[in-house]
4 protein chains.
Amino acid sequence: MAKKIKVGLIGAGRIGRVHAENIRFNIPDAEVVAVADLYSDRIKDWASNLGIKHIFGDSQKIMEDEAIDAVLICSSTDTHSALIIQAARAGKHIFCEKPIDFDLNRIQEALQAVEKAGVKLQIGFQRRFDPSFKKAYDLIGQGKIGDIRVIKITSRDPAPPSLEYIKVSGGLFLDMTIHDFDMARYLSRSEVTEVYAAGGVMVDKTIGEVGDIDTAIVTLKFANGALGVIDNSRQSLYGYDQRVEVLGSKGCILVGNDPLTHTILSTEEGFLSDKLQNFFIERYREAYIEEIKAFVDCLLNDKAPPVTGMDGLQPVLIGLAAKKSLLEGRPIPINSPSGGGLET
Amino acid sequence: MAKKIKVGLIGAGRIGRVHAENIRFNIPDAEVVAVADLYSDRIKDWASNLGIKHIFGDSQKIMEDEAIDAVLICSSTDTHSALIIQAARAGKHIFCEKPIDFDLNRIQEALQAVEKAGVKLQIGFQRRFDPSFKKAYDLIGQGKIGDIRVIKITSRDPAPPSLEYIKVSGGLFLDMTIHDFDMARYLSRSEVTEVYAAGGVMVDKTIGEVGDIDTAIVTLKFANGALGVIDNSRQSLYGYDQRVEVLGSKGCILVGNDPLTHTILSTEEGFLSDKLQNFFIERYREAYIEEIKAFVDCLLNDKAPPVTGMDGLQPVLIGLAAKKSLLEGRPIPINSPSGGGLET
Amino acid sequence: MAKKIKVGLIGAGRIGRVHAENIRFNIPDAEVVAVADLYSDRIKDWASNLGIKHIFGDSQKIMEDEAIDAVLICSSTDTHSALIIQAARAGKHIFCEKPIDFDLNRIQEALQAVEKAGVKLQIGFQRRFDPSFKKAYDLIGQGKIGDIRVIKITSRDPAPPSLEYIKVSGGLFLDMTIHDFDMARYLSRSEVTEVYAAGGVMVDKTIGEVGDIDTAIVTLKFANGALGVIDNSRQSLYGYDQRVEVLGSKGCILVGNDPLTHTILSTEEGFLSDKLQNFFIERYREAYIEEIKAFVDCLLNDKAPPVTGMDGLQPVLIGLAAKKSLLEGRPIPINSPSGGGLET
Amino acid sequence: MAKKIKVGLIGAGRIGRVHAENIRFNIPDAEVVAVADLYSDRIKDWASNLGIKHIFGDSQKIMEDEAIDAVLICSSTDTHSALIIQAARAGKHIFCEKPIDFDLNRIQEALQAVEKAGVKLQIGFQRRFDPSFKKAYDLIGQGKIGDIRVIKITSRDPAPPSLEYIKVSGGLFLDMTIHDFDMARYLSRSEVTEVYAAGGVMVDKTIGEVGDIDTAIVTLKFANGALGVIDNSRQSLYGYDQRVEVLGSKGCILVGNDPLTHTILSTEEGFLSDKLQNFFIERYREAYIEEIKAFVDCLLNDKAPPVTGMDGLQPVLIGLAAKKSLLEGRPIPINSPSGGGLET
């Protein structure tokens, strides 16, 4: 392996660390050579154990380092679009966690900067790289279920995040459902043209007090005529529930859950099987590795990223439409992708 | 058992025959003593084999027979409300297949006649008597999943009915989804207050040409704050798909499908398990027996019917709202049960 | 259907009643016209409700009735061989519950009488007619798993029978495992050539005190080179456990259990699914109907019975060998079917 | 963590590499500082990529290195016992792959050397560390299924190994079934007192030509009165099949398989779910990490190894008895653990 991609990590929170460790241990073609984090003190031990040479408090240092080929933007959402623009101008390839931004204009600016710079940009919708969802996508592509009629997605977190997190999360649709919007686009290979959202506060009323909801059912219409529905909950006591179903003209694909173990206890009560994986870090362990492998492969072999900037923009568009739908109590059309805007 | 309930069957089509055979072979406390069918010639062999004494071409003969305690109304939907009124006036207890009528006023008239006559009326929502759905209902009643948050119902027929049938069916929502509306009310123990329907013609375009749809996603809001979603398709190549899921504050109940066999073939291709039951007659075999047993039990022991006239009216109300929602592209509130009407 | 098979039932215990009711309600081509039972008083109401005309205390009356085409022998095992001989001599076709006898000579005599009389004899191994096991058999016949290598059968009763029953049952191998020996022959389409039995008293020590065991593992060798293993228990708290697995050169077939419902409760504890069917009457409801349908079909259309006298003899041979194996602590060869005897 | 365990790896074949990589990436408390392999040239790149400092052609160098705390013996089986003795004499703690040896005397010598030296020895039965089997073990320990009655183990490799491998493997019972013998002991918490083996050559006749079998059913009796049965095949086209079932007085535990994905395709053919994991490296990925973590934990915290030398000896004893049983066609008693010998 002549060439190793040199990566600068921006933001060493939970997901940033996952990526860095995956690169270290599972992706021989890449190497994290620098990390920037506001709290650079806190990450020193972690970074040095991992053999990361440079630890910065400021991401600017990474932008300036000519040895660095690519950046992983894993900092808080409000910094994403500005960092994309800086990285693009610095000629770095970019992997950015979702969402790019909550503001469509800022997303457009970021995408334009990327386009102008001619760098590659991949957005962190890791579920596309999960073996089960990937297999569903492949089976659909092979025509195994014919034309798609209905897509159903169930996504339930084991427990709600902290109120602090929820306040800056952009709300359920832009924080949680955004993954499902991406999955809907991925599996349908079509764009969402209308969204209707119903939602409520059922898990924790303090979530409602900060203006968010914790439970939702979102109906989608697609450009290809298919229908979709997503159901979300911020609480699922039996584990992280991640299911997908795609009904087509020739059959149906079901993606089921991943249990903690395959051990069943059968007694007079019945058959008790295990809870589901705890949460996304465990459930999508392989997917996180695969998405970075795919990114590195794009850079090494000059391929188009498998999750593009437009794939980053569209789910935000749908999420904003869902928010508006919930507020106004009516379905909201989406004019995309040409205009890229909501009907207002 | 001193007393046997004497039953007159009106309409000996597919479902009427199922009930008569179930009574003959599985319900010792009842006896079909007469059958009325427009095509009385065609049913003679069937009826005599079953030991039914009287075969009429006109249901009036059943109404006039004082020995008959109860009627089973299994004729075409357009005759239901008039027959209910006649039977009530004749002092017969009534089991009537769904729906009572497509017209709310005629339903109200029928229910008033029943009330005035003081006879018992049970509506044929047989799914409530299916052991799996019944168990779900019981577990909810025992508080096993706490407060209900989301109800999801999947109902897919193996293949669409004939166009002739569809033309007089009242449309997908009043013919097929009506069972799901009932299931939603049954499991939630609450009333639907708003409905939003999305639908399309994906299975067979001739269904669209006669003004109906064959695929739908219907979002429900309940008086108790819960949300619901129903997805329907008129075609499911892998068999009759009947699933329910109820998410509550303490857990989730899933009712899965009933396969034809429990035989799995595992090869280099993977694990191939069997298709589902063919259709409702097979899938709800036990439920059809249980619902008539329950009806007979009401008569013998003077109990309230487990599926009331109001249970017959409400799903029609929701179905009409769903039709309106599809037409107008917006959610439709339902003022029920007090007023019993749609917002117009 | 011009001709109805006229059946005389001998023995109206649990299984005899099941057959008579199945004929009455599910098999239009046959009719039980007489029943003989030692306790004829006890069955009067049952028989008259079912429309059985003649009720006898003595099976001889059935043998003498020229209008009767066939007998169902459902009396206690010790009467089977003599009744077969009487029926054969009287020119009746015979359906006989398993086992024919515990004594090989008496079985041989019975089979010779049947052969001499030229009547048809079918043995009551109903599991062959279960849709799931039948499908396994058919898949094997279609070559879906290639050559058979290993057959595994799990058979566990929900609870042990009474000690009174066990005392006259012939022991675990001839009472319970006999069904599994038949299944092994049915699925392998080969004869057992050697058996090794390990067993113990683990459920109830009083079973041991009357000389029987309640738990066993039996290894089989087949003439075609395949291996087999059966595991039995007289107690299974999670329901009646009936599984089969057949490993072949191209794949594997698994026949799983039939749960009471398809309802799953998921909570913090995990996913709790339902217990299995209670016992054989419920589990093999369809199979009991199908085996009598097949018998009636043989008589009406002059076909060979699907479960022959030799199919009745062989499992007894294997069962006796298993008993001997347990006693002597070594594998016992079986010289069959030519000689039909155990090595001694 | 002040102290890191310094490990010398002996044998860098497939399993040796797995352990070294796991230590490098998943076990921060240990470090592979040297590797010895007969073909030291072939492993140079691999070792240096992994940061292993010393690469030797001769294991003696590892024994002489005073900085090394422990050795992992992953070389061919015929070297295990001698290496254990050398390592023990050198004062190294020892992790040794199964089996210790095919010869009971050499195993005894090795265990005596370990005892004399006072070093720790852990044997590589990794399945004990699989989360699903571990959970079964824990549930049994918690008394959830009461007293154990029957243990059933299914173990089928996806495809047979090369003939070269089979020739030196010790035969099916000592190469493959040995893991199942260990599982039987682990779950039963009891010793095997008798074994009866039936087997055949069904997968590939060349396996028979080198004196081995490829298919087997092995019946076990345990000191605590329980029974066991293991079924093995060297070929399973649907993937690596690893199941366990433990029937107890209060219930039953079933450990099922791990599919490649959770994606199901349902069509007119039925429901097609995915094949199983390919083979042990994938299936027991977590288990391989956990067993070395446990070994390291023993050294750091001076605990007893979870899989002892006696746990290494007993399955060899059972395997030799199984071989003898197959040869002589009779059950073979095992006098263990006191005498540790076979009846001869």
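Residues numbered from 1 in each chain as written. Chains lettered and ligands numbered in written order. Predicted model: local features only at pLDDT ≥ 70, side-chain atom pairs only at ≥ 80, totals over all residues. Heavy atoms only, no water.

Caption draft 1: Molecular detail of unusual backbone geometry. Of note, the amide linkage connecting Lys98(B) to Pro99(B) takes the cis form, showing an omega dihedral of -15°. Following the sequence through the fold, Pro99(B) ends up in the loop between strand 5 (93–96) and helix 5 (104–117). In the Ramachandran plot, Arg189(A) falls in the positive-phi region, its phi being about 50° despite a non-glycine side chain. Summarising the element assignment, Arg189(A) is placed in the loop between helix 9 (177–188) and strand 8 (192–200). (Helix = DSSP H or I, 4+ residues; strand = E, 2+ residues; numbered from the N terminus.)

Caption draft 2: Here's a closer look at the relation of the copies chain A and chain B. The two copies are related by a screw motion: chain A maps onto chain B through a turn of 180° and a shift of 0.0 Å along the axis, at an RMSD of 0.0 Å. Each copy turns onto its partner about a two-fold axis. In terms of proximity to the rotation axis, the leading residue of chain A is Arg330(A), whose C-alpha is 2.8 Å off the axis. Most of the interface of chain A is mirrored in chain B, where 100% of its interface residues again form contacts. (Least-squares fit on C-alpha atoms with pLDDT ≥ 70 in both. Contact = heavy atoms within 4.5 Å.)

Caption draft 3: Structural context of the interface of chain A and chain B. With 38 residues of chain A at the interface, the matching set in chain B holds 38 residues. Summing both sides of the interface, chain A and chain B together bury roughly 2800 Å²; the carbon and sulfur share of this comes to 63%. Three residues stand out in chain A for area buried against chain B, namely Arg149(A), Met202(A) and Ile217(A), and they jointly supply 22% of the buried area on that side. For the pair chain A and chain B, the number of links is 6 salt bridges. Remark: the boundary between chain A and chain B carries 15 residue pairs in polar contact (both at pLDDT 80 or more). Broken down by secondary-structure element, the contributors of at least two residues to the side of chain A that touches chain B are strand 7 (148–156), strand 8, strand 9 (215–222), strand 10 (227–233), strand 11 (241–248) and strand 12 (252–255) of chain A. The class makeup of the residues in the side of chain A that touches chain B is 16 nonpolar, 12 polar and 10 charged. (Buried area = accessible area lost by both parts, 1.4 Å probe. Salt bridge = Lys/Arg side-chain N within 4 Å of Asp/Glu carboxyl O. Polar contact = N/O pair within 3.5 Å; in protein donor to acceptor, adjacent residues only side chain to side chain. Nonpolar A, V, L, I, M, F, W, Y, C, P; charged D, E, K, R; others polar.)

Caption draft 4: A look at the interface of chain A and chain D. The interface of chain A with chain D comprises 30 residues on the first partner and 30 residues on the second. Carbon and sulfur atoms make up 53% of the area that chain A and chain D hide from each other, which totals about 2300 Å². Where chain A touches chain D, the interface holds 2 salt bridges. A salt bridge links Lys135(A) to Asp274(D); its shortest N-O distance comes to 3.1 Å. On the surface where chain A and chain D come into contact, there are 16 residue pairs in polar contact (both at pLDDT 80 or more). Contributions of two or more residues to the side of chain A that touches chain D are made by helix 1 (14–26), helix 6 (131–141), strand 12 and strand 13 (263–267) of chain A. Per element, the largest residue contribution to the side of chain A that touches chain D is 6 residues, and it comes from helix 6 of chain A. When the residues that make up the side of chain A that touches chain D are grouped by side-chain class, the tally is 14 nonpolar, 9 polar and 7 charged. One ladder, built from 4 bridges, connects strand 13 of chain A with strand 12 (residues 252–255) of chain D; its direction is antiparallel. Paired with Ser266(A) across the bridge in strand 12 of chain D is Cys252(D). (Pairing = 2+ DSSP bridges.)

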